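Listed below are the residues making up each chain.
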Amino acid sequence: MTGGAAADRTPSVAVKIFSAGSAGCVADLVTFPLDTAKVRLQVQGESGLSPKGQRAGHRYRGVFGTIYTLVKAEGPASLYSGLVAGLHRQTCFASVRIGLYDSMKELYSGGTQHAGILPRLLAGCTTGAMAVAFAQPTDVVKVRFQAQSRLPESSAKRYSGTLEAYRTIARDEGLRGLWKGCLPNVARNAIVNCSELVTYDIIKELILKSYSQLLF
């Protein structure tokens, strides 16, 4: 009985925030090369050179083709360019969007333990939007690092370090530069977080109910 009571104990908000941030950082460490490849594919062509131009040899084709090209042309470390900013982002972003979800759900449901679909949707949208608004500067720096080329012939602006990147962007573009693209990102992540966490929450609840019925 004591073991069951301990297992049912609800973690504190601080524990949820810490756990969510830690999980986000571990996930980022594993998936960062894929994220870097995605960003390079998205910004490809921004240099103004045509596909048959000077840098045609480094044109990216597909996810794994991009990873191969990056390793060959810029070295394996290029796959993790911007990792520190990425970890900053997950520490802020995942902590808020996942760690505060249950608290927001309780708030919108009036403290009841059996929240309906609407409080869950509102909680997902709220924490998703809050997380982006809070973590957007880290996302901007992360993407800048991932997008910049380390090739010697590149004329792209380079940042010597993560903290220097924050300072440079704030100095050259103003504080608003650190929140570039914030509104589209808020809208996107509010929808993504709402869909993701609410779906997870409902499926988890159904599994736990089925498991408890099997036990009793």
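Scroll up to find the structure.
What counts as what
Residues numbered from 1 in each chain as written. Predicted model: local features only at pLDDT ≥ 70, side-chain atom pairs only at ≥ 80, totals over all residues. Heavy atoms only, no water. Helix = DSSP H or I, 4+ residues; strand = E, 2+ residues; numbered from the N terminus. Expected span 1.5 Å × (residues − 1). Buried < 20%, exposed > 50% of the residue type's maximum accessible area, 1.4 Å probe, protein only. Contact = heavy atoms within 4.5 Å. Patch = residues over 30% accessible without salt bridge, like charges linked within 9 Å, V, L, I, M, F, W, Y side chains within 5 Å. Areas by Shrake-Rupley, 256 points an atom, 1.4 Å probe, with all protein chains shown as cover. Salt bridge = Lys/Arg side-chain N within 4 Å of Asp/Glu carboxyl O. Axes fitted to C-alpha atoms, helices over the stretch in contact; angles between N-to-C directions. Parallel < 35°, antiparallel > 145°, perpendicular 65-115°, else oblique. Left-handed = near helix turned anticlockwise from the far one by under 90°. Phe/Tyr/Trp six-rings, centres within 6.5 Å; stacked < 30°, edge-to-face > 60°. Lys NZ or Arg CZ within 6 Å of the ring centre and 35° of its normal.

**Q** Quick question: what am I supposed to make of helix H8 (residues 182-215) here?
**A** An α-helical segment advances 3.6 residues per turn. Residues three or four places apart therefore align on the same side. With 34 residues, H8 should cover 50 Å at 1.5 Å per step; its first-to-last C-alpha distance of 47 Å lies within 8% of that length. All of the buried residues in H8 are Cys182, Asn185, Val186, Asn189, Ala190, Asn193, Cys194, Leu197, Val198 and Asp201. Tucked into the core, H8 has its buried residues touching helix H4 (83-97), helix H5 (101-108) and helix H6 (117-147).

**Q** Got a minute to help me understand the side chain of lysine 105 in this structure?
**A** Inspection of the secondary structure assignment puts lysine 105 in helix H5. For lysine 105, a relative accessible area of 15% translates into the label buried. Not counting residues within four places of it along the chain, the set of residues in contact with lysine 105 comprises Ala115, Pro119, Arg120, Ala123 and Asp201.

**Q** I would appreciate a short explanation of a nonpolar patch on the surface in the present structure.
**A** A surface patch of nonpolar side chains, about 440 Å² in accessible area, is lined by Tyr108, Ile117, Leu118, Leu121 and Leu122. Here the nonpolar patch takes four residues from H6, the largest share from any one element. For leucine 122, the position within the fold is in helix H6.

**Q** Could you clarify how one ought to interpret the pattern of salt bridges in this entry?
**A** Two side chains that carry opposite charge are able to pair once their charged atoms sit near each other. Across all of its chains, the model carries 14 salt bridges by this definition. Across the pair aspartate 201 and lysine 105 runs a salt bridge whose closest N-O atoms are separated by 2.9 Å. Separated by 96 residues along the polypeptide, aspartate 201 in helix H8 and lysine 105 in helix H5 bring together distant segments of the chain. An identical accessibility class is assigned to aspartate 201 and lysine 105; each is buried. Close ionic contact of glutamate 205 with arginine 120 constitutes a salt bridge, the shortest N to O distance being 3.0 Å. On the criterion of sequence distance, the pair formed by glutamate 205 in helix H8 and arginine 120 in helix H6 is long-range, its members being 85 residues apart. One salt-bridge network, held together by shared partners, links Lys16, Asp102, Lys105, Arg120, Asp201, Glu205 and Lys209.

**Q** How do you make sense of the packing of H6 against H8 when you look at a structure like this?
**A** Axes are the key here: two packed helices are described by the angle between their axes and the distance separating the axes. Two elements in contact, H6 and H8, have axes whose closest approach is 7 Å; the angle formed by their N-to-C orientations is 135°. With respect to H8, the axis of H6 lies oblique. Regarding H6 and H8, the two cross each other, and that crossing is right-handed. Here Ile117, Arg120, Leu121, Gly124, Cys125, Thr127, Gly128, Ala129, Val132, Ala133, Gln136 and Asp139 of H6 lie close against H8, whose contacting residues are Cys182, Asn185, Val186, Asn189, Ala190, Asn193, Cys194, Leu197, Val198, Asp201, Ile202 and Glu205.

**Q** Sorry if this is basic, but what is going on with the environment of arginine 144 here?
**A** For arginine 144, the location among the structural elements is in helix H6. Residue class for arginine 144 comes out partly exposed when judged on its relative accessible area of 23%. Along the backbone, arginine 144 and alanine 85 are 59 residues apart, and their C-alpha atoms lie at a distance of 9.8 Å.

**Q** Could you clarify how one ought to interpret the packing of aromatic side chains in this entry?
**A** The description of two aromatic rings rests on the distance between their centres and on the angle between their planes. Overall, the coordinates contain one aromatic pair when judged by the stated rule. Ring geometry for phenylalanine 32 and tyrosine 80: centres 6.1 Å apart, planes at 10°, overall stacked. With a gap of 48 residues between them, phenylalanine 32 in helix H2 (residues 13-43) and tyrosine 80 in the loop between helix H3 (63-74) and H4 connect regions that are remote in the sequence. The exposure class of phenylalanine 32 is buried, given its relative accessible area of 0%. Residue placement shows arginine 89 over the ring face of phenylalanine 93; its charged tip is 4.4 Å from the ring centre.

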